[in-house]
Amino acid sequence: MGDRIFLSSPHMSDEGYEQQYVQEAFDTNWIAPLGTNVNEFENELAAKVGSKSAAALSSGTAAIHLALKAAGVGEGDIVFCPTLTFSATANPIIYQNATPVFIDSNYETWNMCPGALEEAFKKYPEVKAVIIVHLYGLSADMYRIMEVCNKHNVTVIEDAAESLGGYYKGQHTGTFGDYGIFSFNGNKIITTSGGGMLVSNNEEKIKKARFWATQSRDQARHYQHSELGFNYRMSNVVAGIGRGQLKVLEQRVEKKKYIFDYYKNELIHLDGVDFMPVNDWDQPNFWLSSMTLTCDVRPIDVMEALEKENIESRPIWKPMHMQPYFEKYDFVGSRVSEKLFQNGICLPSDTKMSDEDLKRVVRIMKGLWMK
Ligand SMILES: *Cc1c(COP(=O)(O)O)cnc(C)c1O
């Protein structure tokens with residue numbers, strides 16, 4: 001059996017940039033708290049995506065939580081959330097004792113359907129915030145979505161955890177709404193081992209988020225707290241890894257695209273195979289190469305065949321409205337997300353994959369169509 005091929009695993013730079021920044025933290029004893037790496041990682045990421053300010057946090061989930069808090073979302077408030085996503089998008093809505101309403105995808109983007117969103121506004125005009133996700137690095141249809149949201153004057157939070165390095169009409173994902181969040185979890189396109197970032201053009205709100213993230217300590221010599229606090233800040237060591245990783249982001253996107261193009265060229269001609277939609281206006285980061293199967297070969301057949309050869313793959317996210325924990329909440333739309341879940345599969349998209357590895361995956365898959 002060949003070496004294990006991962007879906008998407010950490011890939012540090014060949015140049016050792018990450019270790020240089022981490023070494024600096026050691027040399028200056030800025031292991032904690034905060035320090036140069038945190039400040040610079042915030043500045044560098046904000047500059048990269050084209051946002052005015054950023055707060056480095058312990059996770060993408062923490063960033064979503066603080067974005068909701070900054071938006072004033074609290075007990076009983078309604079928040080629209082895509083149903084087709086990872087649970088981390090929805091969980092913070094519950095942390096704030098608010099109520100999610102799940103919105104369906106469309107086939108054109110796999111992301112939130114603007115029509116279903118409009119329908120949801122009719123049903124819940126009092127909605128407090130809308131979370132948009134850019135799934136697998138594909139951008140949602142932001143102009144149409146922002147048009148709908150602006151009409152209703154609602155706060156927009158973009159969960160760009162999967163789309164760092166991905167653009168919609170030349171503008172970086174995560175910068176269209178009031179807040180954007182990024183994740184540096186181990187399987188994301190770049191990683192700090194774990195971490196997240198909240199970005200916004202509203203510098204006051206970002207300052208406030210940093211305050212909440214460091215236990216809401218008031219300006220006083222003694223420990224004084226007028227607000228509920230959180231321990232959500234990124235450490236200076238971790239931020240050093242992030243600064244190094246940011247230097248190779250473009251390289252990673254290039255490789256992810258190469259992987260996607262390779263699979264598409266090799267597999268698109270097979271019966272019943274379709275790939276994730278790449279729209280004219282979209283410049284995805286191709287985080288995970290994903291496809292749908294509507295033929296005798298089912299996603300589970302592919303996953304099992306690959307697993308037998310020590311190769312990791314997985315289904316498309318299971319929609320939130322189908323999750324035991326979330327099924328009691330309302331869902332607006334048809335059944336697009338359910339179909340994508342049924343028929344979808346994410347192929348191994350690890351940036352360390354060689355051409356040999358890609359050949360191996362494709363050979364195993366083609367074999368299933370020849371039976
Ligand atoms: C990974 C991910 C998150 C959570 O990020 P963490 O840093 O792991 O907390 C949120 N939303 C989506 C869509 C993700 O893929």
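Residues numbered from 1 in each chain as written. Predicted model: local features only at pLDDT ≥ 70, side-chain atom pairs only at ≥ 80, totals over all residues. Heavy atoms only, no water.

(A) Here's a closer look at the pairing of strand E3 (residues 99–103). Burial analysis of E3 places four of its five residues in the buried class, the great majority of the element. Sheet analysis places strand E2 (residues 78–82) next to E3, joined by five bridges and oriented parallel. Bridge pairing in E3 links Phe-80 to Val-101. This β-α-β element, E2 to helix H4 (residues 87–95) to E3, shows right-handed connectivity. In this structure, E3 lies alongside strand E14 (residues 331–332), joined through two bridges in parallel fashion. Considered in E14, the bridge of Ile-103 is made with Val-332. (Buried < 20%, exposed > 50% of the residue type's maximum accessible area, 1.4 Å probe, protein only. Helix = DSSP H or I, 4+ residues; strand = E, 2+ residues; numbered from the N terminus. Pairing = 2+ DSSP bridges. Right-handed = clockwise from strand over helix to strand, strands pointing away.)

(B) Here's a closer look at the sheet that holds strand E13 (residues 314–315). Strand order in the open sheet made by the four strands is E10-E12-E15-E13, with antiparallel pairing throughout. Strand pairing shows two members of the sheet lacking a second neighbour, strand E10 (273–275) and E13, which therefore form its edges. Direction of pairing for E10 relative to strand E12 (residues 290–293): antiparallel, over a ladder of three bridges. Directly across from Val-273, in E12, lies its bridge partner Leu-293.

(C) Representation of the site of the ligand in the model. Taken together, 14 residues lie around the ligand, and Thr-61, Asp-159, Glu-162, Ser-183 and Lys-188 are the ones closest in. Between the ligand and Asp-159, the relevant distance is 2.7 Å, taken from a nitrogen atom to a side-chain nitrogen or oxygen of the residue. Summarising the interface, the protein chains cover 93% of the accessible area of the ligand, which totals 380 Å² for the free molecule. For the shell around the ligand, the secondary-structure elements that each account for two or more residues are helix H3 (60–70) and H4. Each residue belonging to the shell around the ligand can be placed in one class, and the counts come to three nonpolar, eight polar and three charged. (Near = heavy atom within 4 Å. Polar contact = N/O pair within 3.5 Å; in protein donor to acceptor, adjacent residues only side chain to side chain. Areas by Shrake-Rupley, 256 points an atom, 1.4 Å probe, with all protein chains shown as cover. Nonpolar A, V, L, I, M, F, W, Y, C, P; charged D, E, K, R; others polar.)

(D) Looking closely at the UniProt feature "active site" (unreviewed entry) in the protein chain. UniProt feature "active site" (unreviewed entry): in the numbering of this structure it lies at Lys-188. Take Lys-188: it is sitting in the loop between strand E8 (179–183) and strand E9 (196–200). Accessibility expressed as a relative area gives 10% for Lys-188, which makes it buried. Apart from residues no more than four positions distant in its own chain, Lys-188 is found in contact with Ser-8, Ala-161, Glu-162, Ser-183 and Trp-287. (UniProt positions renumbered as here; feature names shortened; annotations may be inferred. Contact = heavy atoms within 4.5 Å.)

(E) Representation of the packing of helix H1 (residues 17–27) against helix H8 (residues 236–246). Running from amino to carboxyl end, H1 crosses H8 at an angle of 150 degrees, the nearest separation of the two axes being 7 Å. Judged by the angle between their axes, H1 and H8 are roughly antiparallel. Here the hand of the crossing between H1 and H8 comes out right-handed. Along the contact surface, H1 presents Tyr-17, Glu-18, Tyr-21, Val-22 and Ala-25, while H8 presents Asn-236, Val-237, Gly-240, Ile-241, Arg-243, Gly-244 and Gln-245. (Axes fitted to C-alpha atoms, helices over the stretch in contact; angles between N-to-C directions. Parallel < 35°, antiparallel > 145°, perpendicular 65-115°, else oblique. Left-handed = near helix turned anticlockwise from the far one by under 90°.)

(F) Seen up close, the packing of helix H5 (residues 114–123) against helix H6 (residues 142–151). Two elements in contact, H5 and H6, have axes separated by 9 Å at closest approach and are oriented at 10 degrees. Classified by the interaxial angle, the pair formed by H5 and H6 is roughly parallel. The segment H5 lies against H6, with Pro-114, Gly-115, Leu-117, Glu-118 and Phe-121 engaging Arg-144, Ile-145, Val-148, Cys-149 and Lys-151. Looking at the contact of H5 with H6, its residues break down into six nonpolar, one polar and three charged.

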